[in-house]
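Residue-level structure breakdown
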Amino acid sequence: MSEFDTDVTKAFSPDELPPISRKQFLALVAASAAFATAGCTGYRDKGEIVPYTKKPEEVTPGVANYYASTCTGCAQACGTLIKTREGRPVKLDGNPDHPVNRGKLCAKGQASILSLYDPARLRTPRYGATAAKSGDVTWDEVDADVVRQLADCRTNGKGILIVCPPLTSPTAITLLNEFKATYPTTRILPYTLLNNQASRKAWEECYGDAPYPVIAWEEAKLVLALESDFLGTDGFSTEQNRKFAAGRDIMQSDYFNRLYCVEGAFSTTGANADYRMRLHPSAQAEFVLSLLNEIAAKRKAVPAPAALMAAVGSHTLASFCSSHGLPETVVHHLVDDLLANRRKGIVVAGPGLSVEAHIAVHVLNEVLGNSDLYSSSTELAGGLHPSTSAEIESAIAAMNAGSIGAVIHFGVNPVFDLPRAFTYAAALKHVPLSIDLAESESETGQLCTYLLPAHHTLESWGDHHVRTDVYSFQQPVIAPLYDTRQREAVLLHWMAGQTAFAETLYLAYLKNRWETAVFPGLHRPVAFAAFWNAALHDGVVQIPTAAGQRSALRQEGVARMQHTAVEEGMTLLWAEPPFLGDGRFANNGWLQEMPNPISKIVWDNYASVSPSTAHALGVAMHDQLTVETGAGKQTFPVFVQSGMADNVVAVFAGYGRWNAGPVGSGVGVDILPLLPRTAMDGGRTVSQVHATKGTGTHKLATTQEHHSLDETFVKDFHLKRKIIRESTVEQHKQDPTWLSRDRHEHESISTEVQYHGVKWAMAIDLNKCTGCHACVAGCNVENNIPIVGKDQVLAGREMQWIRIDRYFTGTMDDPVPSHQPMLCQQCDNAPCENVCPTVATNHSPDGLNQMVYNRCVGTKYCSNNCPFHVRRFNFFNFRDHFADGYYEQEPVSLVHNPEVTVRSRGVMEKCTFCTQRIMESRQHAAEQGMTFDGKGVQTACQQACPADAIVFGNMNDPNSTIAQYREHDLGYHVLEDLNVRPNVTYLARLRNTHLEKPA
Amino acid sequence: MSKSTTDNQPATFRRRTFFGHAGGLLAGLFAAIPVVRGWRQTGSTDTGTASPAGSERVKVQIHPQAVPRTSERSVPYV
């Protein structure tokens, strides 16, 4: 019997049949079908398109409206130009008419639009945790209770404390003073963790009460940055980026500036330096004294008064270099350059350094005549000065003593961002009435009696005075989304007592102050109403002011020049994070997901240590490091950062919030428990730190090795494969064709496609690009890039269309960084197009490599075949996937640019050269009956770039800027040998080093 | 041989039970969808501003006192 006969001959047995009957089977099928049908009905309601019944005059559906205003994300108060569609803001850019930022805006400013639509915003007034009641409360009830309690404070002599940031608005400051007049027991306590008190104090020591100067960076031929990240987070970085880049513009400028950077941590400025040296922050003051000694005493190159000689006498440069391991050749080049560029160079010290170091820097600038670069036309205008630690301490002591009857938090979060040593949270419990006027719930709001929802900056009025001759206006570009009020209007209402609240309260106050206190002095030949409209239209008013006479350097300052001993043991160096500020942007997913310019880490802060220090501490990447200071103890994940000074632990502030919202809570480690109270007096170092290896590990998400063109463990691959091309200024002068000689014309067996009319191309000048990431933020907002979260970044699935590649060459201790913005190269012979089975990616007649999302079936062949690794795949509907659908909630979809498709799961996407902007421009030309010549189109990254490193346009127009860039001697294409014919041209980076230093 | 009563009745009964259960299940399911997924009612403002998906409860309006860039400025640069 064969094996097949066994079952055939087996007797039929009904008992062995499956127990399910035909009817049951059909019932199950029907139920399954019903479930499947029901499951498919859950698509979100897309709303209805309804016509205007009363169309506002300014709004034309489908046509964008622009408003000028001011960004309040930090103290720079940059002018903004806000694009709105059908009444909702969708994009923030710089105001081109603003004299400070000139049309540019940093990553924080651009991404801050997401905060307007943050679902975690407060929508109605609410009782806080310390109130007798809980839940929502009406504004009327709050007003009645607060006015009564404030009046009680006035009667009983109890203090009222207004805790606010160092305001830059003259009208808001006037208002606070009037509030003080109404309630005389009021005390104003401005503060900011990210203060620059050391520099201010040093300036006062050296120049008395002379105004703090603005540096004419564009005129500086030489810059020496001492622990200063002036291209990253320090000062007016947007303006500084622009002006610094203007000094290395190979197309426009006849000179090329030189940047020396001496630092302990690794900053964006250090990454752009021609010479970078690592030095412990506590040795910086002595380094400057040694430079002074070399210049004044040894070389006798400048007049050396006795006080100066006395201060610098014992500090020789040679001994300093040998004891701190600085390369003597480079330091001697530095001294030569400082002397050769007298009156044309500038030495800057960062906010992390001590007062003594800042004084030494002021003296060095003075003896070299560099103070000529302190701009004579404008100075930094005064706002409220941040309080000192003693002032904060005295206010907190008053709270603890019960002599404060009410605390009003005016847009600050001291429970989180004051050093924990102040014990502010405990003191708050002793205050009967505590109010948080905030946009969203925070650590401070959690402990208050009332949480009062405040307008977002895009819903608010204001004026900002950060330069003596510039007033920047802030106007609302959308009516309040919720039952919120402007902070200033709330105070005005409480000053007036029991009257009805009006939304226009602060507008009227602001206008009235300008009409009565400012306008008459301007002697303008127009009525105030016209002036006001024009001011709001322009967003800025310039009032020429006679430049103040800078006083001479005070001898007391020179006498105070000294250095503190170089610290033994470990030092904590804390810094402002590149994108989160003092933690205020923690709940902004775009900014959390912005890679750190140097480490490329997202969604975390960490303890950076040098390789030697890591070895000494016995820690490696992702280990935990417990850092203990006199104030407290915290544990950070370790990031081993080459190029850092030894015995330094560098950490970023702004992380570790516990009540920031679903996106920002619990991200990173809070550094405030480590800081002493004196952190509020300037300087950002804590000495005598005890660092030990902690238990466990913490995986950091870094994008450094994602989408890499590099091959692991091949040293200098980026140079060998000619991804990065570099030389020195001198070598380029001697041989301008060094790069173009490398170009080879590739023969093709097929007929080349001829592009008639417009053909789009981009050029990126690597000499100007500082890697600030403003372009990434601009692209995110313009193109509706989703936030994916840390787990997806760890899987290499971040979605940003433009990334800044960072490469290191050199040694572990002295790495030489290069960076390169990498986006779709829009290749003529695009390898992605040939492999797409559905022709979802194809070529347009104007040279764009375009994506048809509806055709894409997600094979990812294109991504596999792209040599630049710039395609991004939607592994999920990330809006739904991230943080339990946080960014699918009401009203986040309002932030989407309606001109760009919102992509869903399973679709490939990539840079489009902002095709929506091209189409809009093309449409305008057609409407006006003009031939479209491609002029005037700006991509979002180009518009954002503060250094003007990105050029875009029609390469077929020989007179266009892009055509000139493409023909430049320094122009090259990445991976040119592949013959994919990219349309993004990079201009090779030149390092302005002396010739003996290899490029 | 005639069929017994019990042969006929259960078939009818089971069919009715099945449809009854299936109908009830479907009705319950459809009723639960809005609760589970979150009911979003499409609305519009008095100025007729169409609201994008998921934003129906937010009223989007331009600010009446703001001055847009697209309007012509009537006075020289200030």
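Residues numbered from 1 in each chain as written. Chains lettered and ligands numbered in written order. Predicted model: local features only at pLDDT ≥ 70, side-chain atom pairs only at ≥ 80, totals over all residues. Heavy atoms only, no water.

1. Remarks on the pairing of strand β35 (residues 950–954) of chain A
All names here are of chain A. Within β35, five of the five residues are buried, which leaves it mostly tucked inside the rest of the structure. Sheet topology places strand β28 (residues 760–765) next to β35; five bridges connect them, and they run antiparallel. Of the residues in β35, the one forming a bridge with Ala-763 is Val-951. (Buried < 20%, exposed > 50% of the residue type's maximum accessible area, 1.4 Å probe, protein only. Helix = DSSP H or I, 4+ residues; strand = E, 2+ residues; numbered from the N terminus. Pairing = 2+ DSSP bridges.)

2. Overview of the sheet that holds β28(A)
All names here are of chain A. Taken in spatial order, the four strands make up an open sheet running β35-β28-β37-β36, and their pairing is mixed. On the outer flanks of this sheet lie β35 and β36 (971–972), each paired with one strand and no other. Direction of pairing for β36 relative to strand β37 (residues 984–987): antiparallel, over a ladder of two bridges. Directly across from Tyr-972, in β37, lies its bridge partner Tyr-986.

3. Re the packing of helix α6 (residues 170–182) of chain A against helix α19 (residues 505–522) of chain A
All names here are of chain A. Across the interface, α6 lies against α19 with an axial gap of 10 Å and an inter-helix angle of 105 degrees. By the criterion of interaxial angle, the relationship of α6 to α19 is roughly perpendicular. Seen from α6, the contacting residues are Pro-170, Thr-171, Ala-172, Thr-174, Leu-175 and Glu-178; seen from α19, they are Tyr-506, Tyr-509, Leu-510, Arg-513 and Trp-514. Its residues placed into classes, the contact of α6 with α19 shows seven nonpolar, two polar and two charged. (Axes fitted to C-alpha atoms, helices over the stretch in contact; angles between N-to-C directions. Parallel < 35°, antiparallel > 145°, perpendicular 65-115°, else oblique. Contact = heavy atoms within 4.5 Å. Nonpolar A, V, L, I, M, F, W, Y, C, P; charged D, E, K, R; others polar.)

4. Points about the domain arrangement of chain A
Residue and element names in this part refer to chain A. Per the domain assignment, the segments of chain A are domain 1 (126–190 + 384–467 + 476–538), domain 2 (197–379), domain 3 (570–702) and domain 4 (727–991). For domain 2 and domain 3, the distance between their C-alpha centres works out to 27 Å. Contacts between the two partners involve 19 residues from domain 2, matched on the other side by 23 residues from domain 3. Of the roughly 1500 Å² buried between domain 2 and domain 3, counting both surfaces, carbon and sulfur atoms make up 60%. Of all residues in domain 2, the largest losses of buried area upon contact with domain 3 belong to Thr-233, Phe-266 and Arg-278, amounting jointly to 33% of the total for that side. Across the domain 2-domain 3 interface, the total number found is one salt bridge. Inspection of the domain 2/domain 3 interface yields nine residue pairs in polar contact (both at pLDDT 80 or more). The element that contributes the greatest number of residues to the side of domain 2 that touches domain 3 is helix α7 (residues 197–207), accounting for three residues. (Domains from an automatic or database assignment. Buried area = accessible area lost by both parts, 1.4 Å probe. Salt bridge = Lys/Arg side-chain N within 4 Å of Asp/Glu carboxyl O. Polar contact = N/O pair within 3.5 Å; in protein donor to acceptor, adjacent residues only side chain to side chain.)

5. Side note on the pattern of salt bridges
A side chain of one charge can pair with a side chain of the opposite charge if their charged atoms are brought near each other. Residues and elements named next belong to chain A. In this structure the tally under the stated criterion is 44 salt bridges over all chains. For Glu-899, the salt bridge is made with Arg-85, and the minimal N-O distance between the two is 2.8 Å. A residue pair is termed long-range when its members are at least 10 positions apart, and Glu-899 in the loop between α30 (878–881) and β34 (908–909) and Arg-85 in strand β2 (residues 79–85) qualify at 814 residues. Here Arg-343 ties to Asp-372 by a salt bridge, and the two come within 3.0 Å at their closest N and O atoms. Note that Arg-343 is positioned in the loop between α13 (328–340) and β11 (345–349) and Asp-372 in the loop between α14 (355–367) and β12 (374–379), a separation of 29 residues in sequence. Taken together, the shared-partner salt bridges in this structure form one network comprising Lys-83, Arg-85, Glu-86 and Glu-899.

6. Brief notes about a positive patch on the surface
A grouping of A:Arg22, A:Lys23, B:Arg14, B:Arg15 and B:Arg16 is seen on the molecular surface, where their side chains present a positively charged patch. Where the positive patch is concerned, the elements lending two or more residues are α2 (22–39) of chain A together with α1 (5–37) of chain B. Sorting elements by how many residues they give to the positive patch places α1(B) first, with three residues. The topology assignment puts A:Arg22 in helix α2. (Patch = residues over 30% accessible without salt bridge, like charges linked within 9 Å, V, L, I, M, F, W, Y side chains within 5 Å. Areas by Shrake-Rupley, 256 points an atom, 1.4 Å probe, with all protein chains shown as cover. Lys, Arg positive; Asp, Glu negative; His and termini not counted. Charge placed at Lys NZ, Arg CZ, Asp CG, Glu CD.)

7. With respect to the side chain of A:Gln284
Considering the arrangement of structural elements, one finds A:Gln284 in helix α10 (residues 284–298). You can call A:Gln284 buried: its relative accessible area is 0%.

8. Things to note about the nonpolar core
A:Trp760, A:Met762, A:Leu823, A:Phe868, A:Phe913, A:Val974 and A:Tyr986 are the most contacted members of the largest nonpolar core, which totals 122 residues. When neighbours within four sequence positions are excluded, A:Val974 is seen to be in contact with A:Leu709, A:Ile723, A:Gln820, A:Met822, A:Phe868, A:Pro982 and A:Tyr986. (Core = buried A, V, L, I, M, F, W, Y, C linked by side-chain atoms within 4.5 Å.)

9. A closer look at the packing of aromatic side chains
Residues and elements named next belong to chain A. A complete count under the given rule lists 32 aromatic pairs over all chains for this structure. Plain terms: the ring middles of Trp-203 and Tyr-207 are 4.1 Å apart, the flat faces sit at 35 degrees to each other, and that makes the pair tilted. Residue Trp-203 and its partner Tyr-207 are located together in helix α7, separated by four residues, close to a single helical turn. Each member of the pair Trp-203 and Tyr-207 is classed as buried. Between Trp-203 and Tyr-374, the ring centres sit 5.6 Å apart and the planes meet at 75 degrees, which makes this aromatic pair edge-to-face. In this pair, Trp-203 is assigned in helix α7 and Tyr-374 in strand β12, connecting sequence segments 171 residues apart. Both residues of the pair, Trp-203 and Tyr-374, belong to the buried class. Three or more aromatic residues joined by ring pairs make a cluster, and in this case those are Tyr-471, Phe-473, Trp-514, Phe-519, Phe-528, Phe-531 and Trp-532. The cationic tip of Arg-276 hangs over the ring face of Phe-266; the distance from NZ or CZ to the ring centre is 3.8 Å. Over the face of the ring belonging to Phe-875 we find Arg-797, whose NZ or CZ atom lies 4.0 Å from the ring centre. (Phe/Tyr/Trp six-rings, centres within 6.5 Å; stacked < 30°, edge-to-face > 60°. Lys NZ or Arg CZ within 6 Å of the ring centre and 35° of its normal.)

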